[in-house]
Number of protein chains: 2
Amino acid sequence: MPVSLSNLDLINSCDQFPYLDPSKPQEYFDHLNKYVHLRVVNQPRPEVTFGLIRPEVAEGIAKCEGWELDTNSTPSTLTLVAGSTADERNVVVDRSMRSLREARVFQVLDKWREELYTVYGVDKRELFAVERSASPLLGVVTYGVHMTAYKRHPSGMRIWVPRRSAHKQTYPSMLDNTVAGGMAKGELPYEALIREASEEADLPESLVRDRVVAVGAITYLYERDSQAGGECGLLQPECQYLYDMDLTDSGAECAPNDDEVESFKLMEVAAVKSALRNGEFKPNCAMVMLDFLLRHGHIVMEDEPDYGEIVARLHRRLEFPMR
Amino acid sequence: MPVSLSNLDLINSCDQFPYLDPSKPQEYFDHLNKYVHLRVVNQPRPEVTFGLIRPEVAEGIAKCEGWELDTNSTPSTLTLVAGSTADERNVVVDRSMRSLREARVFQVLDKWREELYTVYGVDKRELFAVERSASPLLGVVTYGVHMTAYKRHPSGMRIWVPRRSAHKQTYPSMLDNTVAGGMAKGELPYEALIREASEEADLPESLVRDRVVAVGAITYLYERDSQAGGECGLLQPECQYLYDMDLTDSGAECAPNDDEVESFKLMEVAAVKSALRNGEFKPNCAMVMLDFLLRHGHIVMEDEPDYGEIVARLHRRLEFPMR
């Protein structure tokens with residue numbers, strides 16, 4: 001059955017966590033409090049939540065040393081009680097996640113990456129780091145970079161769109177952004193982007209440094225489904241730093257450079273819009289593409305009944321401390 | 001005393017209404033319920049609020065025919081009870097506001113414009129229209145267009161920035177966006193922009209149609225202060241549709257075309273940033289400029305500690321039905 005997704009449907013497929021409706025506040029809090037709130041002991045503001053955890057996941061983590069689960073409070077909380085510095089907390093978190101991985105408690109840990117993501121405190125400094133594959137268990141904010149390369153053509157703009165490999169574990173064969181990747185501990189977005197552009201799209205560093213432009217960020221609260229692999233329903237609040245690159249008259253072409261990407265195609269805007277409607281894009285990549293199309297006049301208020309809602313939903317105010 | 005405002009300070013000067021802190025929800029609701037909630041009778045969802053009204057303003061409006069004030073409910077509500085179609089409601093609202101103007105009840109009505117703004121229902125169609133100068137009394141969402149014209153120069157981008165006339169009643173002598181204006185009833189943003197570009201910056205229609213690009217929108221909840229003229233503390237939830245125009249190699253210059261603008265200046269990005277820090281921009285124009293600088297790589301995450309917060313706050317999800 002052919003699908004035909006509206007732009008708001010695409011937003012709803014990625015920014016899935018409900019918003020507060022001031023006329024029915026209890027509905028929002030009931031939903032929010034279905035999750036166990038991740039806390040860290042001895043923080044300046046003890047009531048600050050750093051992540052939202054599914055109850056069965058919190059129970060599993062609480063069996064490790066250094067954590068305390070309180071299911072009698074509202075909301076329920078899982079508190080990291082061991083360690084008083086980022087380095088000390090990192091040791092505890094690392095040991096916990098490795099033991100859970102060895103015990104095969106959570107499927108997402110089968111995709112262990114040996115790559116750390118940083119979680120930030122109220123002071124915007126590192127609170128602790130966590131193995132990338134374990135971050136959805138804690139429901140903490142993670143950060144990435146997404147870049148859209150395009151060419152201006154007399155008949156209109158064309159966008160470089162890669163198709164993911166059919167054998168990728170997550171979102172196989174779906175369309176992606178020209179370059180995209182997560183930001184590991186210690187990385188800054190611009191440098192992460194330069195690295196990924198070379199690795200994923202075979203774009204030379206000098207060209208990227210010369211042409212890439214930072215154009216903002218999108219933020220959303222995603223709930224993992226079966227396409228993501230592993231447990232369903234884990235929450236992923238994400239911030240993607242966005243870049244555009246105009247390749248007009250550069251002679252440069254995007255090409256697969258590793259086995260993550262099957263092929264690159266230079267698509268007309270109408271074809272991109274059609275692929276979006278057909279649900280061919282990975283959910284968060286659809287969000288990035290919508291933001292690109294909005295910023296380049298390819299989605300306009302006059303044709304888009306949900307324009308205001310879409311603009312706001314691409315930039316969710318995440319209720320967690322952020323970098 | 002010289003001021004030095006951070007970019008987040010500039011956001012806070014425009015998007016002033018508090019956000020929900022899930023750890024202290026009552027604070028948010030206590031604040032929200034200080035205002036009287038504007039309702040309209042016989043709507044599909046009776047509990048939907050269309051605007052937030054200061055209590056003393058609600059009392060004044062309630063003295064007019066067609067309105068009912070209920071201060072015993074939580075929140076207090078002012079309900080437009082007369083009329084069952086947009087046309088019928090328009091007559092009631094118009095008659096009410098004209099009588100309040102004649103009685104000199106509210107200062108903001110001294111700047112009566114004979115220009116209608118549309119308020120939208122849950123179905124995104126016209127619910128009623130209200131005289132522009134009266135819209136802050138009802139605290140309803142209003143819509144405008146803002147355009148930033150710029151030139152690319154070998155030494156960097158330059159931006160066309162107008163200074164408002166010293167004799168303007170609102171924000172005299174402050175810096176503004178190249179072109180900006182409100183959207184009257186029946187107008188669409190693109191056509192409103194074309195009209196304003198000619199009226200305010202003497203930019204010919206054909207040039208604007210050829211070069212202007214829709215680039216998104218900003219949304220915020222502003223609280224009027226003394227610079228705005230009239231009563232302080234009135235709420236203005238606003239949505240500004242944004243446009244960029246690259247005037248490189250066009251030969252076009254921006255010039256004052258009416259008495260609203262004192263002068264235009266083609267400013268380097270560093271000078272624009274300095275003027276922002278000095279508080280020289282009208283508050284919502286500073287928001288538009290921040291969005292422009294973010295989209296063009298002139299504010300980057302690596303240099304801006306509040307980057308994530310700024311991106312989200314430029315796109316507030318307004319909790320009212322919108323067009």
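By convention here, each chain's residues receive numbers from 1 onward along its written sequence. Lettering for chains starts from A, numbering for ligands starts from 1, and both go in the order in which the items are written. Local features in this predicted model are restricted to residues of pLDDT 70 or higher, and side-chain atom pairs are both shown and tallied only at a pLDDT of 80 or more, whereas totals for entire chains, interfaces and linings draw on every residue. The side-chain values count all of the structure's non-hydrogen atoms but skip hydrogen atoms and water molecules.

The name an unreviewed UniProt entry gives chain A is Nudix hydrolase domain-containing protein, with Trichodelitschia bisporula as the organism.

Draft legend 1. Fine view of the overall build of chain A. Helix and strand labels come from DSSP, where a helix needs a run of H or I of at least four residues and a strand needs a run of E of at least two; each type is numbered from the N terminus. If you tally the helices and strands in chain A, you get ten helices and twelve strands. Just to be clear, the radius of gyration here is over C-alpha atoms, and the globule rule we use is 2.2 Å times residues to the power 0.38. For chain A, the C-alpha radius of gyration of 20 Å lies close to 20 Å, the compact-globule estimate for 323 residues. Considered along the principal axes of its C-alpha atoms, chain A spans approximately 65 × 45 × 40 Å. Among the 323 residues that make up chain A, the fraction classed as buried is 57%. Considering only contacts within chain A whose residues lie at least 6 apart along the sequence, 67% involve residues at least 24 apart. Note that His is not counted, nor are the chain ends; the positive residues are Lys and Arg, and the negative ones are Asp and Glu. Note on charges: their place is set at NZ of Lys, CZ of Arg, CG of Asp or CD of Glu. Distance between charge centres in chain A, computed from 36 positive and 51 negative side chains, equals 0 Å. Throughout, exposure labels follow a simple rule: accessible area from a 1.4 Å probe, protein chains only, divided by the maximum for the residue type, with under 20% read as buried, over 50% as exposed, and the rest as partly exposed. Note on contacts: a residue pair qualifies if any of its non-hydrogen atoms lie within 4.5 Å across the two residues.

Draft legend 2. Molecular detail of the packing of helix α8 (residues 269-277) of chain B against helix α9 (residues 283-295) of chain B. Residues and elements named next belong to chain B. Interaxial angles span 0 to 180 degrees and are taken between N-to-C directions of axes, which are lines fitted to C-alpha atoms, for helices over the stretch in contact. At a minimum axis separation of 11 Å, α8 and α9 run at an interaxial angle of 140°. Crossing handedness for the pair α8 and α9: left-handed. For the pair α8 and α9, contact is made by Val-269, Val-272, Lys-273 and Leu-276 and by Ala-286, Met-289, Leu-290 and Leu-293, respectively. Two helices cross in a left-handed way if the nearer one is turned anticlockwise from the farther one by less than a right angle. They cross in a right-handed way if the turn is clockwise.

Draft legend 3. Main features of helix α9 (residues 283-295) of chain A. All names here are of chain A. Relative to the 18 Å expected for 13 residues at 1.5 Å per residue, α9 spans 19 Å between its end C-alpha atoms, a close match to the ideal helical length. In terms of burial, α9 is largely enclosed, as 13 of its 13 residues are buried. Positioned one or two residues after α9, Gly-297 has a phi angle of 75°, which is positive. Each residue after the first adds 1.5 Å to the expected span of a helix.

Draft legend 4. Structural context of the pairing of strand β3 (residues 67-70) of chain B. Residues and elements named next belong to chain B. When DSSP finds two or more bridges between a pair of strands, those strands are recorded as paired. Two elements, β3 and strand β4 (residues 77-80), share four bridges in a ladder whose sense is antiparallel. Looking across to β4, one finds that Asp-70 is bridged to Thr-77. Between the antiparallel neighbours β3 and β4 lie six residues.

Draft legend 5. Inspection of the nonpolar core at higher detail. Only buried residues count toward a nonpolar core, which is a set of Ala, Val, Leu, Ile, Met, Phe, Trp, Tyr and Cys residues joined through side-chain atoms within 4.5 Å. Counting residues in each nonpolar core, the largest one holds 159 residues, and the members touching the most others are A:Leu203 and B:Leu203. Beyond its immediate stretch of four places on either side in the chain, B:Leu203 contacts B:Met147, B:Val179, B:Ala197, B:Ser198, B:Val208, B:Met245, B:Leu247, B:Glu253 and B:Cys254.

Draft legend 6. Region of interest: the pattern of salt bridges. The term salt bridge refers to a side-chain nitrogen of Lys or Arg lying within 4 Å of a carboxyl oxygen of Asp or Glu. Inspection of the entire model under this criterion finds 52 salt bridges over all chains. A salt bridge links A:Arg316 to A:Asp15; its shortest N-O distance comes to 2.9 Å. Residue A:Arg316 is found in the segment after α10 (307-313), and its partner A:Asp15 is found in the loop between α1 (7-12) and α2 (25-32); the two are separated by 301 residues along the sequence. Accessibility assignment for this pair places A:Arg316 and A:Asp15 in one class, buried. B:Glu309 is the salt-bridge partner of A:Arg317, the closest N and O atoms lying 3.8 Å from each other. With A:Arg317 in the segment after α10 and B:Glu309 in helix α10 (residues 307-313), this residue pair bridges two chains. For B:Glu309, a relative accessible area of 27% translates into the label partly exposed.

Draft legend 7. Region of the structure containing the sheet that holds strand β2 (residues 51-53) of chain B. Residue and element names in this part refer to chain B. Spatial ordering of the open sheet is given by β2-β1-β4-β3, a layout of four strands whose pairing is mixed. Since the sheet does not close on itself, it has two edges, and those belong to β2 and β3, each with one partner. Strand-to-strand twist of the sheet, defined as the mean angle between neighbouring strand axes without regard to direction, takes the value 30°. With three bridges connecting them, strand β1 (residues 36-40) and β2 associate as antiparallel partners. Paired with Val-36 across the two strands is Ile-53, which belongs to β2. Each of β1, β2, β3 and β4 touches helix α3 (residues 55-62); the most contacted strand, β3, lies at about 140° to it.

Draft legend 8. Here's a closer look at the interface of chain A and chain B. Every contact between the two is made by 42 residues of chain A and, on the other side, 42 residues of chain B. Throughout, buried area stands for the accessible area (probe radius 1.4 Å) lost by two parts on being put together, summed over both. With both sides pooled, the region where chain A packs onto chain B buries about 3500 Å², and carbon together with sulfur makes up 63% of that total. Connecting chain A to chain B are six salt bridges. A 3.5 Å cut-off defines polar contacts: any pair of N or O atoms within that distance qualifies, except that in protein one atom must be a possible hydrogen donor and the other a possible acceptor, and neighbouring residues in sequence count only when both atoms are side-chain atoms. Linking chain A to chain B there are 13 residue pairs in polar contact (both at pLDDT 80 or more). Of the residues contributing to the side of chain A that touches chain B, the split by class is 23 nonpolar, five polar and 14 charged. Side-chain classes are defined by residue name, with Ala, Val, Leu, Ile, Met, Phe, Trp, Tyr, Cys and Pro counting as nonpolar, Asp, Glu, Lys and Arg as charged, and the others, Gly among them, as polar.

Draft legend 9. Inspection of unusual backbone geometry at higher detail. Cis geometry is adopted by the peptide bond preceding A:Pro75, which originates at A:Thr74 and carries an omega value of -5°. Relative to the helices and strands, A:Pro75 is located in the loop between β3 (67-70) and β4 (77-80). Phi is positive for B:Glu114, which is not a glycine, with a value near 55°. Tracing the backbone through its elements, the reader meets B:Glu114 in the loop between α4 (86-102) and β5 (116-120).

Draft legend 10. Just empty space enclosed by the protein, in detail. Points on a 1 Å grid, built from protein atoms alone, make a cavity when a 1.4 Å probe fits but cannot get out and make a pocket when they are open with protein on both sides within 12 Å along at least 5 of 7 lines; residues with an atom within 4 Å of a point are the lining residues. Grid points are joined across faces, edges and corners, and a volume is the space filled by probe spheres set on the points. On inspection of all chains with the given rule, the structure shows six cavities of 30 Å³ or more. Considering only enclosed or pocket space, the largest cavity measures out at about 170 Å³ in volume. Lining the largest cavity are 19 residues, with A:Asp291, A:His315, B:Asp291, B:Arg295 and B:His315 positioned closest to its centre. Within the lining of the largest cavity, the residues separate by chemical class into eleven nonpolar, four polar and four charged.

Draft legend 11. Fine view of the relation of the copies chain A and chain B. The copies were overlaid by least squares, fitting only the C-alpha atoms of residues that reach a pLDDT of 70 or more in each copy. It takes a turn of 180° to lay chain A on chain B, together with a shift of 0.0 Å along the axis; the resulting RMSD is 0.0 Å. Both copies are brought into coincidence by an operation consistent with a two-fold rotation axis. The C-alpha atom lying nearest the rotation axis in chain A is that of A:His315; the distance is 3.1 Å. The fraction of interface residues of chain A whose copies in chain B are also interface residues reaches 100%, indicating that both copies meet through the same surface.

Draft legend 12. Layout of the packing of aromatic side chains. All names here are of chain A. Between rings of Phe, Tyr and Trp, where Trp is taken as its six-membered ring, a pair exists when centres lie within 6.5 Å; planes separated by under 30 degrees are stacked, by over 60 edge-to-face, and by other angles tilted. Under the criterion given, the structure shown has 16 aromatic pairs over all chains. Aromatic side chains Phe-17 and Tyr-35 sit 5.8 Å apart centroid to centroid with 55° between the ring planes, which places their arrangement in the tilted category. One end of the pair, Phe-17, is in the loop between α1 and α2; the other, Tyr-35, is in the loop between α2 and β1 (36-40), with 18 residues separating them in the sequence. By the burial criterion, Phe-17 is buried, and Tyr-35 matches it.

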